[in-house]
Amino acid sequence: MSQLLINDYLKQLDIIKRVSGSQRETIVREAFKDLLKAWGRQQGLVFLAEYPLKTAFKTDISVDGALLHELRMPLGWWEAKDAGDDLDAEAAKKFKKGYPQDNIIFSDDATVLLWQNRQEVLRCRVEDTAALERLLRLFFGFERPEIAGFRAAVQQFKADLPAVLQALRQLIEQQAQGNAAFRSAAAAFLAHAQEAINPALTDADVREMLIQHILTEEIFAKVFDDSDFHQHNNVARALYALEAVFFTGALKKQTLKGLEPYYAAIRAAAAQISSHGEKQTFLKVIYENFYKVYNTKAADRLGVVYTPNEIVRFMIDGADWLCEKHFGKSLIDKDVDILDPATGTGTYICELLEHFRGQPKKLAHKYAHELHANEVAILPYYVANLNIEATYAAITGDYAEFPSLCFVDTLDNVGLHTAARGTTADIFGSVSDENVARIKRQNARRISVVIGNPPYNANQQSENDNNKNREYPHIDQRIKQTYIAESRAQKTKLYDMYARFFRWASDRLHDNGILAFVTNRSFLDARTFDGFRKTVAQEFSDIYVVDLGGDVRANPKLSGTRHNVFGIQAGVAISFMVKRAQATKDKRPARVFYVRRPEMETADEKLAFLASQPLRALQFDEVQPDKAHHWLNLTNNDFDSLIPLASKEAKAAKTAAKERAIFKLFTLGASTNRDEWVYGEEQKPLLDKAAWLLGRYEDNLRQPAVFDPAVKWSESLKRRLKAGRAEPFTPAALRKTGYRPFVDRWLYASSLLVDRPGDMAVIPLHEPSICLSHGKDFRTLASGCPFDLHYLGDTVGLPLHRLAQGQEYVDNITDWALRQFGTHYADEIGKGKAARRIDKEAIFHYCYAVLHDPLYREKYAQNLKREFPRIPFYAHFWRWADWGRALMQLHIGYESVAPHAVARTDVPDAKARAAGLDPKPLLQSDPAAGSIALDSETTLRGLPPAAWAYRLGNRSAIDWVLDQHKEKKPKDATIRERFDHYRFVDHKERVIDLLARVTTVSVQTLAITEAMCAAAR
Ligand SMILES: C[S@@+](CC[C@H](N)C(=O)[O-])C[C@H]1O[C@@H](n2cnc3c(N)ncnc32)[C@H](O)[C@@H]1O
C-alpha cells in the first residue's frame, strides 16, 4: 500500500510538471500534499492546509500543512519549497522564525527532508522510493508525548472514575442529610429543572447534573481559557452555587485527585491547540469520550455523538437554498427564526454563524434574536454554550452572551407550558429565572427553520438495563393521532426518539417553514412508517431526501465503522421538508424527491460527496408514492386488485358488511419478555421455575419501590407490581405452544408473567392457525396450537376459528370471503350432486397453499415484505385447496408423519467416557455431505438435499430444530444459577426421531411446492 501511494505520487508529480510546464512550489506541491493526505487517512489523521500556529515567540505563522490526530493534536508539519530554493537554507530560515522542529518535513520536487526533535533524521531523493518510504514511516510513526499521555490517561480515567463517582455520590448524600443550606439550594434547583426540563426529574437527577458539572468544570476552564464560564452561564451559575455550599478547597482537591492525570492530559493536549476551530473539535471529542466513560447508557439514550461538519454545512446550505426557492428569503434575513432542538455541542448554531460571516449587522441581529438552541443534558449544554459564544467572538471580535440557548427537554416543551404556569420566578429569584425567560422567549417566536440531529435510540434491550426512553404524553398522543392512525401496519412502534422529534418539529414549525433533520433512514421504507409517510406528505409541500444508507442490519456486508457516516448500525438519511401554508390549504400531497448514495460507498466518500455537492446540484428522482404510501421499492403489479387476507379495517369492523377480508381477526403471538422463565421443554422444571418467580414477585409486592434484581423485569411487570397485582401458582396454566418452527414448548401461560398474551385469549387451544411473518423475507407455517411472537420472526396468526366473548367458538373466515370464492368459482364447482361446495375450511387450505406457491412469492416479493398478503383466484380451486390441506397436515402433524430413513453411526467418544463426561453436543448439519453431527459420538447420514431446501427465512427446517436443541448459556443470571437443567443428552433420542420426521416434512413440502410451479393458474 505504501509503495502504491509513493508510485502514485511520482506519477502525479510527473503529470503536473508536464502539463503545467512549471516547477513552482504552489503548483508541484499538490502531488506531495496528496501523498501525505492519503497516507494520513490510513491512520485516521486529518490533513489541514495553511495551518495557523503561534510560535514560542508569540508570533503568528502558517505552515503549509499539518496532520492532526482525531483529538486535533498535531502529529507533524509540512513545508513545501520551490525547486530553485536551497532546502537547508529554507529550513534554517523557518526555524529561526519559530517553526516547529518536533516532526516536520520540508520538500521540493526533488528532495525530502525530515526533522524530528530538533535534528535532521533523514533526507532522500523523491525517486528513491525505498528511502522515501522509510522517511514517511518515521514521520507518521512519530508519537507526541501528549498523545501517548492522553491515551494512557483515558484508560486511567476509565479505571479511576467509578471510585471518584462513588466518593462524590457519598459526599452529596451526606450533604443532603446534614446540610440545610445544601438541601434548600438543591430543592430550588430541582424545582427549576422540573419546570424547564422534565416534571418527572428527581433529586437523583439533580445530583447527577451536579456531578457532571463538577467533573467537567476543569475541562472547560482549560480548553477555552474561560475560567469564569461558571459565572457567565446562568445554569452553570446555579449549579456552581449548589456546589459552593459544600464542595470547595481541600475537600474538592482531595476528592478529585484521582482524576488529575486525566485533567493534566487534557491540559497538555489543549495547550497544543491554538486555533478556535480546532478547540471546538477537540472539545467534541472530549465530550463523546467523557460521556461514554461516565455514563454509557445515557450516552446511547440521548444520542451523544456529534455531527460531522460536512453534514451540518450541507444541511445549512440546503435549508438556505430551499428558503430562497420557496419563500424568497435567505436564512440570514430578518424574521427567519432558526431552532436546533437537540443541539449537543452546538455545531449547527456555530456553523450557522460561520455561514453568516461577512454580514456583521445581520449576524449580530440573528445571534441576539433569531437563533435558538435546546439541550437537555448538562455537559453538552455547557459545551454548546462555550462553542457558540467562542465562535461568535472569533468571527466578530466581540464577546456577547448567546441569549437563546435553553436548558430544556424539547419534547416536553409543548403548548408553551412554561409560560403558562408563571410560578418559577418566585422560586428562583434571579438565578435560573434566566433559563425560564429564555424558554418563554423561544416559545413566543415563530420558528421558520428547525434544523438538527435528534437522537436515534429506539428501544432498550432489556428493562433491567434501565435505559428506556421516557414517555412524552403529548407528543406520543400526537403520534397516535397521526402517524399511527394513518398506518395500515398491524404493529406500529413509532415512539422512538427520532419519530418524536419529527412530530414535535412538524407541529412547532410556522405555517411556512423548513424542517431539516439528519436521522435514522428507516422511515423511508419501513412498513410501520407508512402512516408517517402519508402524514408528512399531507403536512408538507416538498420533501427532499438524501439517503446516506449504511444500514448494517439490512445489509450485513456493510460495516458501521467503514460505511456509516456516524459509525453506527442504523442507516442514515438527511431530509428537508418544506411546509407551505397554501399547499396545506389546497390539500395537495407533497412532491417527494429522493437521491441515494451507492450502497458500498464508504463514510469518508459520503462526507466528501456532501462537502462538494450542494443540495441544489443533486439529481433527484421524483418519487410517485403508491396508494399504500410507499416511497421506495415500488411495485408495478396487480397486487392491489387481489383480495385481502386480513386488514385492520376488517378486524375493527363492527358489522359483517364491513368485514371485507378473508379473515376477520389476526393476532400477534404471545410476547412473554421472559422466555427463559416461562417456557420449558418439560413440565416439571418449568413449573418449578414459574413457582419460584411468582414467589419472588410476591415478596416484592411488599416493597414495590425497589425491584428485586433476581426477577426479570419488563415495563408491564413493573406496572403490575405497582398496581399490586398478584396471581396464585397453578399447574393448570401450562399450554402447549408453537415456539419455533417444528419446536413446540410448554408455556406457563400466566397473565401476570406473560407480558402480552397475544393469541392466548382468542385462539382455541387445539385449532390450526396460519402463521405469517414479513419483514426481510416472507415466511409462513401453520401451527396447531397457540404460538409465540417469534415463532417465525414477528409472527401474526390467522386462526381458522376463534373464541368470541369468552368461550363461544366462531368462524374466523368471513361470510364475505365465502361469497367472493363462491361467486368466482361458481362455474368450476359445478352443480347438483357432482358439486364440491367451497366451505370456509377449504378457503383456509386454499390460502395456505397460495402462500407457499413459489411463483406467487416471487411475483409479490416486495409487497409481501411490507403488507399483509392478498390472495389471487387461481384456476382449479380444489387442486390448491387439496395442496393446502396436505401441507397443513404435514406441518401441524410433523410429530406423527413417518420418519425418513436415515443412517445412524455411533462411535464412542472414548476420551469423554474416560473422563466420565457425556459426549460433546454438536448439532451441526452439513448439507453437502447430507449429514448431521449430533454430538461427538453420533452422526446421521443419508439425508436428501431436499431436507435443507425447505427453508423458513434464513434457516432450513432441519437447522431450526438443531438450533433449538443446542445447549446455550442462559442470559438470565438467576436462571443460570438455579434452573439451567437442559442437557442435550437427555433429549438426544427424541431429537433424532424429530429430525427424521422433519426430513419427511421437508421432502414432501418441497414436492408439493415444486408441483405448484408447473400448475396453470
Ligand atoms: C445527536 S446529538 C446532537 C449532535 C449535535 N448536532 C452535535 O454535533 O454536537 C443529540 C443531542 O440531543 C440532546 N437531546 C436528546 N434528547 C433531547 C431532548 N428531548 N431535548 C433536548 N435535547 C435532547 C442530547 O443530549 C444530545 O446532546
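What counts as what
Residues numbered from 1 in each chain as written. Predicted model: local features only at pLDDT ≥ 70, side-chain atom pairs only at ≥ 80, totals over all residues. Heavy atoms only, no water. Helix = DSSP H or I, 4+ residues; strand = E, 2+ residues; numbered from the N terminus. Rg over C-alpha atoms; globule rule 2.2 N^0.38 Å. Buried < 20%, exposed > 50% of the residue type's maximum accessible area, 1.4 Å probe, protein only. Contact = heavy atoms within 4.5 Å. Areas by Shrake-Rupley, 256 points an atom, 1.4 Å probe, with all protein chains shown as cover. Lys, Arg positive; Asp, Glu negative; His and termini not counted. Charge placed at Lys NZ, Arg CZ, Asp CG, Glu CD. Patch = residues over 30% accessible without salt bridge, like charges linked within 9 Å, V, L, I, M, F, W, Y side chains within 5 Å. Salt bridge = Lys/Arg side-chain N within 4 Å of Asp/Glu carboxyl O. Core = buried A, V, L, I, M, F, W, Y, C linked by side-chain atoms within 4.5 Å. Pairing = 2+ DSSP bridges. Axes fitted to C-alpha atoms, helices over the stretch in contact; angles between N-to-C directions. Near = heavy atom within 4 Å. Polar contact = N/O pair within 3.5 Å; in protein donor to acceptor, adjacent residues only side chain to side chain. Nonpolar A, V, L, I, M, F, W, Y, C, P; charged D, E, K, R; others polar. Phe/Tyr/Trp six-rings, centres within 6.5 Å; stacked < 30°, edge-to-face > 60°. Lys NZ or Arg CZ within 6 Å of the ring centre and 35° of its normal.

Q: Which residues make up the overall build of the chain, and what are the values?
A: A count of helices and strands for the chain gives 41 helices and 32 strands. Computed over its C-alpha atoms, the radius of gyration of the chain comes to 34 Å, within 12% of the 31 Å expected for a compact globule of 1017 residues. Counting across all 1017 residues of the chain, residues that qualify as buried make up 56%. Of the contacts formed within the chain by residues at least 6 apart in sequence, a portion of 71% connects residues at least 24 apart. Accessible surface for the chain amounts to roughly 43600 Å². Of this, 51% is attributable to carbon and sulfur atoms. One finds the centroid of the 136 positive side-chain charges in the chain at a distance of 3 Å from the centroid of its 131 negative side-chain charges.

Q: I'd like to hear about a negative patch on the surface, residue by residue, with values.
A: A contiguous patch of negative charge on the surface is contributed by Glu682, Asp918, Glu967 and Asp986. Note on aspartate 986: relative accessible area 57%, which makes it exposed.

Q: Kindly report on the nonpolar core, identifying the contributing residues and their values.
A: One finds Leu215, Ile311, Met315, Leu331 and Ile574 to be the most contacted residues of the largest nonpolar core, which totals 111 residues. Excluding residues that lie within four positions of it along the chain, leucine 215 makes contacts with Leu161, Val164, Leu165, Leu168, Leu256, Leu259, Tyr263, Phe290 and Tyr294. By size, the runner-up hydrophobic cluster in this structure holds 82 residues, among which are Ile662, Phe821, Tyr825 and Leu851.

Q: Please give an account of the environment of phenylalanine 157 that cites residues and values.
A: Take phenylalanine 157: it is sitting in helix H5 (residues 145-178). Residues phenylalanine 157 and alanine 221, 64 residues apart in the sequence, show an inter-C-alpha distance of 19 Å. Contacts of phenylalanine 157, omitting those with residues within four sequence positions, involve Leu259, Tyr262, Phe290 and Val293.

Q: If you had to explain the sheet that holds strand E11 (residues 509-520) to someone new, which residues and values would you point to?
A: What the nine strands build is an open sheet, ordered E9-E8-E7-E10-E11-E13-E12-E14-E15; its pairing is mixed. Only two strands of the sheet have a single partner each, and these edge strands are strand E9 (405-407) and strand E15 (621-623). Taken over all neighbouring pairs, the strand axes of this sheet differ in orientation by 20 degrees on average, direction set aside. Pairing between strand E8 (residues 371-375) and E9: three bridges, direction parallel. Residue pairing for E9: alanine 373 is matched across the bridge by leucine 405. This element, helix H17 (residues 378-396), spans E8 and E9 of the sheet and lies at about 165 degrees to E9. Along the sheet, helix H22 (residues 497-508) makes contact with strand E7 (338-340), strand E10 (447-452), E11 and strand E13 (572-579), crossing E11 at roughly 165 degrees.

Q: Describe in detail unusual backbone geometry, supporting the description with residues and values.
A: One can expect most non-glycine residues to show negative phi and most peptide bonds to be in trans. The backbone of asparagine 633 shows a phi angle near 50 degrees, a positive value even though the residue is not glycine. Structurally, asparagine 633 is set in the loop between E15 and strand E16 (643-644). You can call asparagine 633 partly exposed: its relative accessible area is 41%.

Q: Could you give an account of the site of the ligand, with specific residues and numbers?
A: Around the ligand sit 24 residues, and of these Thr307, Thr345, Thr347, Glu375 and Asp409 come closest. Within the side chain of threonine 345, an N or O atom sits 2.5 Å from an oxygen atom of the ligand. Within the contact set of the ligand, a nitrogen atom lies 3.0 Å away from a backbone nitrogen or oxygen of threonine 410. In the complex, 99% of the free accessible area of the ligand, which totals 610 Å², lies under the protein chains. Its residues assigned to classes, the shell around the ligand shows 14 nonpolar, eight polar and two charged.

Q: Requested: an account of the sheet that holds strand E3 (residues 74-80), with residues and values cited.
A: Strand order in the open sheet made by the six strands is E1-E2-E3-E4-E5-E6, with mixed pairing throughout. At either end of the open sheet lies a strand with only one pairing partner, and these are strand E1 (46-54) and strand E6 (119-125). Going from strand to strand, the sheet's axes swing by 30 degrees on average, the running direction of each strand aside. In terms of strand pairing, E3 meets strand E4 (residues 103-107) through four bridges, oriented parallel. Across the sheet, the residue bridging to tryptophan 78 is isoleucine 105, located in E4. Its contacts with the sheet place helix H3 (residues 87-96) against E3, E4, strand E5 (111-116) and E6, and it is angled at close to 140 degrees to E4.

Q: Go over the pattern of salt bridges with me, naming the residues and quoting the values.
A: Taken as a whole, this structure holds 61 salt bridges when the rule is applied. Glutamate 30 is the partner of lysine 33 in a salt bridge, and the nearest nitrogen-oxygen pair spans 3.6 Å. One end of the pair is lysine 33 and the other is glutamate 30, both in helix H2 (residues 25-42) and three residues apart, which spans about a single turn. The class of lysine 33 is buried, set by a relative accessible area of 12%. When the shortest N-O distance is used, the salt bridge between glutamate 599 and arginine 596 registers 2.8 Å. For glutamate 599, a relative accessible area of 30% gives the class partly exposed. Connected through shared salt-bridge partners, Glu79, Lys81, Glu90, Lys93 and Lys94 make up one network.

Q: Please give an account of the packing of aromatic side chains that cites residues and values.
A: Two measures describe an aromatic ring pair: the distance that separates the ring centres and the angle between the ring planes. The tally for this structure, following the rule as stated, stands at 51 aromatic pairs. Ring centres of phenylalanine 742 and tyrosine 894 lie 5.3 Å apart, and the angle between their planes is 80 degrees; this geometry places the pair in the edge-to-face category. Taken as a pair, phenylalanine 742 in the loop between strand E19 (734-740) and strand E20 (743-748) and tyrosine 894 in the loop between helix H36 (877-892) and strand E27 (903-906) lie far apart in primary sequence, 152 residues in all. Here tyrosine 894 falls in the buried class, since its relative accessible area comes to 4%. Their ring planes at 85 degrees and their centres at 5.0 Å tell us that phenylalanine 821 and phenylalanine 873 sit as a pair that is edge-to-face. Residue phenylalanine 821 is located in helix H31 (residues 815-824), and its partner phenylalanine 873 is located in the loop between strand E26 (870-871) and H36; the two are separated by 52 residues in the primary sequence. Ring pairing ties together the aromatic residues Tyr483, Tyr498, Phe502, Phe517, Phe523, Phe529, Phe532 and Trp631, which thus form one cluster. Against the face of phenylalanine 707 rests lysine 718, its NZ or CZ located 4.9 Å from the ring centre. The ring of tryptophan 960 has arginine 955 lying over it, and the distance from NZ or CZ to the ring centre is 4.6 Å.

Q: For the pairing of strand E12 (residues 542-549), give the residues involved together with the corresponding values.
A: Side-chain positions along a regular strand alternate between the two faces of the sheet. Along E12, eight of the eight residues are buried, which leaves the element largely enclosed by surrounding structure. Here E12 shows no split at all, with Asp542, Tyr544, Val546 and Leu548 on one side and Ile543, Val545, Asp547 and Gly549 on the other all buried. For E12 and E13, the ladder comprises seven bridges, and the chain directions are antiparallel. Its bridge partner lying in E13, tyrosine 544 is registered against phenylalanine 576.

Q: I'd love a proper account of the environment of glutamine 101, names of residues and values included.
A: Position of glutamine 101 among the secondary structure elements: in the loop between H3 and E4. Between the C-alpha atom of glutamine 101 and that of alanine 628, which follows or precedes it by 527 residues, the distance is 66 Å.

Q: Hey, could you go over the side chain of aspartate 935 for me, with residue numbers and the actual values?
A: If you trace the backbone, aspartate 935 turns up in strand E29 (residues 931-935). Its relative accessible area of 4% is what places aspartate 935 among the buried residues. A distance of 2.8 Å separates a polar atom in the side chain of aspartate 935 from the backbone nitrogen of glutamate 937. At 2.8 Å, the side chain of aspartate 935 forms a polar contact with the backbone nitrogen of threonine 938. Residues contacting aspartate 935, with those up to four places away along its chain left out, are Pro919, Lys920, Pro921, Leu922, Phe984 and Lys988.

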